[in-house]
Amino acid sequence: DFRWMLDNLAARPTKIAELVPLLSSAEGHHDASGSGAGGIWFPAAHLNPREGFEHKPVIWRLQWPQEIIDRLVTDKNPSGDI
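Residues numbered from 1 in each chain as written. Predicted model: local features only at pLDDT ≥ 70, side-chain atom pairs only at ≥ 80, totals over all residues. Heavy atoms only, no water.

## Some details on the layout of surface pockets
Right, so step 1: What the largest pocket holds in volume is close to 190 Å³.
Right, so step 2: Around the largest pocket sit Ser-25, Pro-43, Leu-47, Asn-48, Pro-49, Arg-50, Phe-53, Glu-54, His-55, Lys-56 and Val-58, which together line it.
Right, so step 3: By residue class, the composition of the lining of the largest pocket is 5 nonpolar, 3 polar and 3 charged. (1 Å grid on protein atoms, 1.4 Å probe; cavity = no way out; pocket = protein on both sides within 12 Å on 5 of 7 lines; lining within 4 Å. Points joined across faces, edges and corners; volume = space filled by probe spheres on them. Nonpolar A, V, L, I, M, F, W, Y, C, P; charged D, E, K, R; others polar.)

What follows is the structure in structure tokens.
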């Protein structure tokens, strides 16, 4: 019954375990700067990798597109909107 769900959700804070009722699947660290973002993810031990894949950390990097870099608020661009 949707009315019961609405009343229940409105009556108290939602617990994180109600939103994500599973063990975490990765742990890692990440960071971002004016030029991009990156990090490392460590798969949880309880995961079984798909065939052809290894159970090892994933290192990732992403460079922001120039149109994003141009909009960042910086000392040189105080009127940026990101």
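The rest of the description comes next.
## Notes on the packing of aromatic side chains
Right, so step 1: On inspection of all chains with the given rule, the structure shows 1 aromatic pair.
Right, so step 2: Seen in terms of ring centroids, Trp-41 and Trp-60 are 5.7 Å apart; in terms of plane orientation they differ by 35°. Their pairing is tilted. Placement of the pair is Trp-41 in strand E2 (residues 36–43) and Trp-60 in strand E3 (residues 58–63), with a sequence separation of 19 residues.
Right, so step 3: The partly exposed category is assigned to Trp-41, whose relative accessible area is 43%.
Right, so step 4: Trp-60 sits in the partly exposed class, given a relative accessible area of 24%.
Right, so step 5: One cation-aromatic arrangement involves Arg-50 over Phe-53; the distance from NZ or CZ to the ring centre is 4.8 Å. (Phe/Tyr/Trp six-rings, centres within 6.5 Å; stacked < 30°, edge-to-face > 60°. Helix = DSSP H or I, 4+ residues; strand = E, 2+ residues; numbered from the N terminus. Buried < 20%, exposed > 50% of the residue type's maximum accessible area, 1.4 Å probe, protein only. Lys NZ or Arg CZ within 6 Å of the ring centre and 35° of its normal.)

## With respect to the pattern of salt bridges
Right, so step 1: Scanning all chains against the criterion turns up 1 salt bridge.
Right, so step 2: Here Arg-71 and Asp-81 are joined by a salt bridge, their closest N and O atoms 2.9 Å apart. In this pair, Arg-71 sits in the segment after helix H3 (66–69) while Asp-81 sits in the segment after H3, placing the two residues 10 residues apart along the sequence. (Salt bridge = Lys/Arg side-chain N within 4 Å of Asp/Glu carboxyl O.)

## Remarks on a nonpolar patch on the surface
Right, so step 1: There is a patch of nonpolar side chains on the surface, built from Ile-16, Leu-19, Val-20 and Leu-22 and spanning about 460 Å² of accessible area.
Right, so step 2: Here Leu-19 shows up in helix H2 (residues 16–19). (Patch = residues over 30% accessible without salt bridge, like charges linked within 9 Å, V, L, I, M, F, W, Y side chains within 5 Å. Areas by Shrake-Rupley, 256 points an atom, 1.4 Å probe, with all protein chains shown as cover.)

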